[in-house]
Amino acid sequence: MALQKKHIGMLLVLPALVFTVLCFVLPIAALLVDAFRVPGAAAGGWSIDRFIQFFASELNQQVFWRTLRIACLVTLASAALGYPAAQAITKVKPGYRGLVVGMMILPLMVSPIARTYAWVVLLGRTGAVNTTLLALGLTDEPQRLLFSEMAVFIGLLQLLLPLMLMSLVSALENLSPDVTLAARTLGASAWQTFCKVTLPLTQEGLIVGGTLVFTGCVTAYVTPALLGGTKVLMLETLLYQKVSVESDLDGANVIAVILVLMAMLANAFLKRISSSRSST
């Protein structure tokens, strides 16, 4: 009977497994194989020459480090802002928590294009930000806020912060209030309670949220394209140029592989930090 239930369970999982393999695993595997395969060579001809040529360009190096820097900053900022907000949400009365969670998810229902264009209006030379700076006397003339790394950072943070919030809220809801109360009763400060109790017990939510935010940063196209333009190129906008402008499919393939590897390494790095914290 137990064996029969196991077979039934495997049959139920099989459609999802087939869908995942066909739509995700095989395309990524084909992408990786094509990036390292030597064109025209016999079977077994592998090389990293494409990646060496890509990183030999100073422009490509700048774009890579800019993408990595902005993605890391957005991930750290979303975690720093997400924890206090998630803790506040979990303390809301149950009758109002659904409304608050709905407001948290609401931005995800708006198109990223519309949300990014809103920042274009706000950060423009005649936008609300420059108007406020001029009214307060903090500047004598409108500042160039668009087409800068700061604009891309703000746009990506606003775009992806809800993903971090959802992950942290889910993790904090599973954390018993008695645990933090016991820590405070034993004399731990609020900061010590967070570092020694809350953070280790909710690190899985942080890993999931950090992976989602980092991956979203390195793969988002609309926000960097509209807020950064050609002055703040990132890997995703460079990928678009390789395909649409230069028709350089080999270069585009290399960039796509780099983006995939960056997302995988970010997840592995977060898990490594989590495991090291758990062992200590």
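Quick summary incoming for the structure in this document. Keep in mind that what you see is a predicted model, and the values were worked out from it rather than measured.

1. Some words on the pattern of salt bridges
At step 1: Counting across every chain of the model gives 5 salt bridges.
At step 2: Note that Arg 66 is salt-bridged to Glu 149, the shortest N-O span being 3.2 Å. Of this pair, Arg 66 sits in helix H3 (residues 58–90) while Glu 149 sits in helix H7 (residues 149–173), and the two are 83 residues apart along the sequence.
At step 3: For the salt bridge of Lys 242 with Asp 248, the shortest nitrogen-to-oxygen distance reads 3.9 Å.
At step 4: Here Asp 248 falls in the partly exposed class, since its relative accessible area comes to 26%.

2. A word on the nonpolar core
At step 1: Residues Val 74, Leu 156, Leu 235 and Ile 258 are the most contacted members of the largest nonpolar core, which totals 50 residues.
At step 2: Looking at this core, the elements that each hand over two or more residues are helix H2 (49–56), H3, helix H5 (112–123), H7, helix H9 (190–201), helix H10 (203–219), helix H12 (235–245) and helix H13 (249–279).
At step 3: It is H7 that contributes the most residues to this core, 12 residues altogether.
At step 4: Dropping the residues within four chain positions of it, Leu 235 is found in contact with Phe 54, Val 63, Phe 64, Thr 67, Ile 255, Ile 258, Leu 259 and Met 262.

3. Focus on a nonpolar patch on the surface
At step 1: Judged by side-chain polarity, Leu 11, Leu 12, Val 13, Leu 14, Leu 17, Val 18, Phe 19, Val 21, Leu 22, Phe 24, Val 25 and Leu 26 come together as a nonpolar surface patch covering roughly 1,100 Å² of accessible area.
At step 2: For Val 13, the location among the structural elements is in helix H1 (residues 2–36).

4. Here we look at H10
At step 1: Compared with an ideal rise of 1.5 Å per residue, which puts 17 residues at 24 Å, H10 spans 24 Å between its outermost C-alpha atoms and is within 8% of the ideal.
At step 2: By the burial criterion, the buried members of H10 are Gln 203, Gly 205, Ile 207, Gly 209, Gly 210, Thr 211, Val 213, Phe 214, Gly 216, Cys 217 and Val 218.

5. Topic: the packing of H7 against H10
At step 1: Packing of H7 against H10 brings their axes to within 8 Å, and their N-to-C directions diverge by 165°. Put simply, H7 runs roughly antiparallel to H10. Here the hand of the crossing between H7 and H10 comes out right-handed. Two secondary-structure elements touch here, H7 through Leu 156, Leu 160, Leu 163, Met 164, Ser 167, Leu 168 and Ala 171 and H10 through Gly 205, Leu 206, Val 208, Gly 209, Gly 210, Leu 212, Val 213, Gly 216 and Cys 217.

6. What about the state of the cysteines?
Note on terminology: a disulfide is the covalent bond linking the sulfur atoms of two cysteines.
At step 1: If you walk through the whole model with that rule in mind, you get 0 disulfides.
At step 2: No disulfide involves Cys 72; its nearest neighbouring cysteine sulfur is the one of Cys 217, lying 9.0 Å away.
At step 3: Accessibility expressed as a relative area gives 34% for Cys 72, which makes it partly exposed.

7. Structural notes on the environment of Pro 107
At step 1: By secondary structure assignment, the location of Pro 107 is in the loop between helix H4 (94–105) and H5.
At step 2: In this structure, the C-alpha to C-alpha distance between Pro 107 and Met 262, residues 155 residues apart in sequence, is 26 Å.
At step 3: The residues contacting Pro 107, other than those within four sequence positions of it, are Arg 115 and Pro 162.

8. Focus: the packing of helix H8 (residues 177–185) against H9
At step 1: Closest axis-to-axis distance for the H8/H9 pair is 10 Å, and the angle between their directions is 150°. In terms of orientation, H8 and H9 fall into the roughly antiparallel class. The hand of the H8/H9 crossing is right-handed. Between H8 and H9, the residues in contact are Val 179, Thr 180, Ala 183 and Arg 184 and Ala 190, Thr 193, Val 197, Thr 198 and Leu 201, respectively.
At step 2: Residue composition of the contact of H8 with H9, by class: 5 nonpolar, 3 polar and 1 charged.

Rules of the game
- Residues numbered from 1 in each chain as written.
- Predicted model: local features only at pLDDT ≥ 70, side-chain atom pairs only at ≥ 80, totals over all residues.
- Heavy atoms only, no water.
- Salt bridge = Lys/Arg side-chain N within 4 Å of Asp/Glu carboxyl O.
- Helix = DSSP H or I, 4+ residues; strand = E, 2+ residues; numbered from the N terminus.
- Buried < 20%, exposed > 50% of the residue type's maximum accessible area, 1.4 Å probe, protein only.
- Core = buried A, V, L, I, M, F, W, Y, C linked by side-chain atoms within 4.5 Å.
- Contact = heavy atoms within 4.5 Å.
- Patch = residues over 30% accessible without salt bridge, like charges linked within 9 Å, V, L, I, M, F, W, Y side chains within 5 Å.
- Areas by Shrake-Rupley, 256 points an atom, 1.4 Å probe, with all protein chains shown as cover.
- Expected span 1.5 Å × (residues − 1).
- Axes fitted to C-alpha atoms, helices over the stretch in contact; angles between N-to-C directions.
- Parallel < 35°, antiparallel > 145°, perpendicular 65-115°, else oblique.
- Left-handed = near helix turned anticlockwise from the far one by under 90°.
- Disulfide = S-S within 2.5 Å.
- Nonpolar A, V, L, I, M, F, W, Y, C, P; charged D, E, K, R; others polar.

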